[in-house]
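Examination of the molecular architecture
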Amino acid sequence: MVRKSKGLGDSIEKLTKYTGIKPLVKKVSPSCGCEARQEKLNNPNLLVNKLFYKK
């Protein structure tokens, strides 16, 4: 079951996971900062999140 995206960060994470980019990046650089970047992009105050990820 696919969980609903809270914001742009979750959508990007899903895209990279299903295209195979995320596992490749994790293999090359385990400490890439992906989780912190995802949380920043999920900020509800970002305009893109206000427009496309309304609750």
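Residues numbered from 1 in each chain as written. Predicted model: local features only at pLDDT ≥ 70, side-chain atom pairs only at ≥ 80, totals over all residues. Heavy atoms only, no water.

Looking only at helices and strands, one finds four helices and zero strands in the chain. Scanning the chain from its N terminus toward the C terminus, one meets helices and strands in the order α-α-α-α. Dimensions of the chain, computed from the C-alpha atoms along their principal axes, are close to 35 × 25 × 15 Å. The buried share of the chain, taken over its 55 residues, is 20%. Here the analysis covers contacts within the chain between residues at least 6 apart in sequence; of these, 52% occur between residues at least 24 apart. (Helix = DSSP H or I, 4+ residues; strand = E, 2+ residues; numbered from the N terminus. Buried < 20%, exposed > 50% of the residue type's maximum accessible area, 1.4 Å probe, protein only. Contact = heavy atoms within 4.5 Å.)

Quick look at the confidence of the model for the chain now. Mean pLDDT over the chain: 92, with 96% of residues reaching 70 or higher. Model confidence for the chain, summarised as mean pLDDT per element, is weakest for helix α2 (residues 21-28) at 92 and strongest for helix α1 (residues 8-19) at 96. (pLDDT = per-residue confidence, 0-100.)

Moving on, we come to the layout of surface pockets. Any space left empty among the atoms is revealed by the rolling of a water-sized probe across them. Looking at the largest pocket, its volume works out to about 220 Å³. As for the largest pocket, its lining consists of 13 residues, and the residues nearest its centre are I12, E13, T16, C34 and R37. Put simply, the parts of the chain that give the lining of the largest pocket at least two residues each are α1, α2 and α3 (34-41). Tallying contributions element by element places α3 first for the lining of the largest pocket, with five residues. (1 Å grid on protein atoms, 1.4 Å probe; cavity = no way out; pocket = protein on both sides within 12 Å on 5 of 7 lines; lining within 4 Å. Points joined across faces, edges and corners; volume = space filled by probe spheres on them.)

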